[in-house]
Amino acid sequence: LTAMQSFILAKILGPEGFGEVSLFSLILVYVNLTGFGFDSVAAREIPGYVTSRKKEDLNHIKNLSFSVEMTLRVAICVIVAMVGLFFFTGTLRTGILLISIVLLFDRLSGFYQLMANALKEFPALARASMLQGLLIGVFSILLVKFAGVYTRLIANLCGQAAMVYYLSVKVPLDLRFELRSKRFWKILSMGLPFVALNIVFYLWQASDRTLVAKFMDFRMLGVYSFAVSCIQLLLSFTGDVNTVLQPFMY
């Protein structure tokens, strides 16, 4: 479905429209790099707390990471929405406003995925991932004629919302807002290197499309992004093998 949606979007929207879709995806990549790394630290510490049955420590780091990361993400979403309203017009303004909403649900779904993985709820996580992928693919194909360049954003929003709902039912986390912690600065010092590594990795990954978007037009960005999606489809087979092996490695 992922390959099919790219082909259909490129066919119906044309190179220029697909280029605009790719620009929205690029913005999502960069804004998603914001964070303090609390959730990454929690995902690495929680399996140890589960094994040693330290329920109080588990709940503390779970609630703290959720509170810190979601507070930051809400602030980022507001900033992105304000930038879209005051600095852009037309389709770019609408797209950036949609991005501000997608970013919030993307953070929620990412947090639930990390927690489900840390708690070793692999069956629920696998079904949620399949549900999300299926919905994104189906909505991308069905909505392209009506939503145009916003199709992928709307499809992602629907898929992420479905994943959050499914995992919240199957893996209830009993989350509470909690910002006070004696370990705040220690966790921050542990989490920021993960954030820095993510920034370096994704800046390198997206550098080609960023340069094309900077120095060329939407048409060339669309052509280039379509070629990249074809290559990624071929490389996804090795990624799927790693995904299947991961639970057994744990």
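1. As for the state of the cysteines
Disulfide: a covalent bond formed between the sulfur atoms of two cysteine residues.
(1) Moving on: Evaluation of the coordinates by the stated rule reveals zero disulfides.
(2) Moving on: Here Cys 158 stays unpaired: no disulfide links it, and the sulfur of Cys 77, its closest cysteine neighbor, is 17 Å away.
(3) Moving on: Classification of Cys 158 as partly exposed rests on a relative accessible area of 26%.

2. Considering the side chain of Ser 181
(1) Moving on: Mapping Ser 181 onto the fold places it in the loop between α6 (151-170) and α7 (184-205).
(2) Moving on: Among the polar contacts listed, one links the side chain of Ser 181 to the backbone nitrogen of Arg 183, at a separation of 3.1 Å.
(3) Moving on: With residues near it in sequence (within four places) discarded, Ser 181 still touches His 60 and Leu 64.

3. Details of the nonpolar core
(1) Moving on: Within the largest apolar cluster, 28 residues are counted, with the highest numbers of intra-cluster contacts made by Ile 46, Ile 61 and Leu 167.
(2) Moving on: When residues of this core are traced back to their parent elements, those giving at least two are α2 (38-52), α3 (55-87), α4 (90-118), α5 (122-147), α6 and α7.
(3) Moving on: Listed in part, the 17 residues of the second largest apolar core include Phe 24, Leu 28, Val 80 and Val 149.

4. A few points about the side chain of Arg 107
(1) Moving on: Turning to its location among the elements, Arg 107 is positioned in helix α4.
(2) Moving on: With residues near it in sequence (within four places) discarded, Arg 107 still touches Asp 39, Glu 69, Met 70 and Arg 73.

5. A word on a nonpolar patch on the surface
(1) Moving on: A surface patch of nonpolar side chains, amounting to about 850 Å² of accessible area, comprises Val 74, Val 78, Ile 79, Met 82, Val 83, Leu 85, Phe 86, Phe 87 and Phe 88.
(2) Moving on: Tracing the sequence through the fold places Phe 87 in helix α3.

6. Structural notes on α4
(1) Moving on: Relative to the 42 Å expected for 29 residues at 1.5 Å per residue, α4 spans 42 Å between its end C-alpha atoms, a close match to the ideal helical length.
(2) Moving on: Looking one or two places after α4, you find Lys 120, whose phi comes out positive at around 65 degrees.

7. Some words on the pattern of salt bridges
(1) Moving on: Within the structure shown, the criterion is met by four salt bridges.
(2) Moving on: With a closest N to O distance of 2.1 Å, Arg 107 and Asp 39 form a salt bridge. Of this pair, Arg 107 sits in helix α4 while Asp 39 sits in helix α2, placing them 68 residues apart in sequence. Taken individually, Arg 107 and Asp 39 each receive the classification buried, so the pair is uniform in this respect.
(3) Moving on: Of the charged contacts, one joins Asp 174 and Arg 176 as a salt bridge, the two residues approaching to 4.0 Å between their closest N and O atoms.

8. Some remarks on unusual backbone geometry
A negative phi angle is the norm for most residues apart from glycine, just as the trans form is the norm for most peptide bonds.
(1) Moving on: For Arg 53, which is not glycine, the phi torsion reads 60 degrees and is therefore positive.
(2) Moving on: Inspection of the secondary structure puts Arg 53 in the loop between α2 and α3.
(3) Moving on: A relative accessible area of 77% places Arg 53 in the exposed class.
(4) Moving on: Its identity as a non-glycine residue notwithstanding, Lys 120 has a phi of 65 degrees, on the positive side.
(5) Moving on: Note on Lys 120: relative accessible area 45%, which makes it partly exposed.

What counts, and where the lines are drawn
The residue count restarts for each chain, going from 1 along the sequence in the order it is written. Where totals are concerned, whole chains, interfaces and linings use all residues; where local detail is concerned, this predicted model gives features only for residues with pLDDT of at least 70, and gives and counts side-chain atom pairs only at 80 or more. Side-chain metrics rest on all non-hydrogen atoms present in the structure, leaving aside hydrogens and water. When two cysteine sulfur atoms lie within 2.5 Å, the pair is treated as a disulfide. Each residue gets one of three labels from its accessible area relative to the maximum for its type: buried under 20%, exposed over 50%, partly exposed in between, using a 1.4 Å probe on protein chains only. Helix and strand definitions here come from DSSP, where helices need a minimum of 4 consecutive H or I residues and strands a minimum of 2 consecutive E residues; each element is numbered from the N-terminal end. A 3.5 Å cut-off defines polar contacts: any pair of N or O atoms within that distance qualifies, except that in protein one atom must be a possible hydrogen donor and the other a possible acceptor, and neighbouring residues in sequence count only when both atoms are side-chain atoms. The contact definition used throughout considers only heavy atoms, calling two residues in contact when any of these lie within 4.5 Å. For the purposes of this section, nonpolar cores are sets of buried Ala, Val, Leu, Ile, Met, Phe, Trp, Tyr and Cys residues that join through side-chain atoms within 4.5 Å. Each patch is built from residues lacking any salt bridge and having more than 30% relative accessible area; the joining distance is 9 Å for like charges and 5 Å for nonpolar side chains (Val, Leu, Ile, Met, Phe, Trp, Tyr). Residue burial considers only the protein chains on display, and all accessible areas are found by Shrake-Rupley using a 1.4 Å probe. Salt bridge criterion: a side-chain nitrogen from Lys or Arg within 4 Å of a carboxyl oxygen from Asp or Glu. To estimate the expected span of a helix, count its residues, drop one, and scale the result by 1.5 Å.

These values are about where atoms sit, not about what they do.
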